[in-house]
Amino acid sequence: RQATCVTLDLVEGITEYSQRTSVKALFEQFGEVTACWLPPRGLRGGQDAAYVRFARPEAAQAAFNACKSGQVIVDNGKLLAVLGEGPAGPKDK
């Protein structure tokens, strides 16, 4: 049986200047990040949302709450996130 982790879909606030390593580092304050993905620069703002996957649901919930209250800032803009669950994938550090 595959473990379950929680993922935040970053639906608003990622710009063409956002870097995966910076976004990952920003979210690591909430807990272990097992994956962080941003669409290629020319495709940002389309249907494929950037996401951050956490090892523990509590970390994802804390990050979601911080985004919801406007405390998570990337490239001078607030991130809007949607909380969801998905299967745990391989680590993408």
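Up top you'll find the structure we're talking about.
S.K.: Which residues make up the overall build of the chain, and what are the values?
M.R.: Counting secondary structure elements, the chain contains 2 helices and 6 strands. Out of the 93 residues belonging to the chain, those deemed buried represent 37%. With the model as given, the accessible surface of the chain reaches about 5700 Å², and the carbon-plus-sulfur share is 48%.

S.K.: Describe in detail the environment of G13, supporting the description with residues and values.
M.R.: Residue position: G13 is located in the loop between strand 1 (4–12) and helix 1 (20–27). For the pair formed by G13 and I73, sequence separation is 60 residues and the distance between their alpha carbons is 8.2 Å. If we ignore the near neighbours within four places in the chain, the residues touching G13 are S18, V74, K78 and L79.

S.K.: Pulling in residues and values, what's your account of unusual backbone geometry?
M.R.: Despite not being glycine, D75 has its phi angle at roughly 50 degrees, a positive value. With respect to the secondary-structure elements, D75 resides in the loop between strand 4 (73–74) and strand 5 (77–78). Of note in this structure, N76 is not a glycine but carries a positive phi near 65 degrees. By the secondary structure assignment, N76 is in the loop between strand 4 and strand 5. Overall, N76 belongs to the exposed group, its relative accessible area being 81%.

Rules of the game
- Residues numbered from 1 in each chain as written.
- Predicted model: local features only at pLDDT ≥ 70, side-chain atom pairs only at ≥ 80, totals over all residues.
- Heavy atoms only, no water.
- Helix = DSSP H or I, 4+ residues; strand = E, 2+ residues; numbered from the N terminus.
- Buried < 20%, exposed > 50% of the residue type's maximum accessible area, 1.4 Å probe, protein only.
- Areas by Shrake-Rupley, 256 points an atom, 1.4 Å probe, with all protein chains shown as cover.
- Contact = heavy atoms within 4.5 Å.

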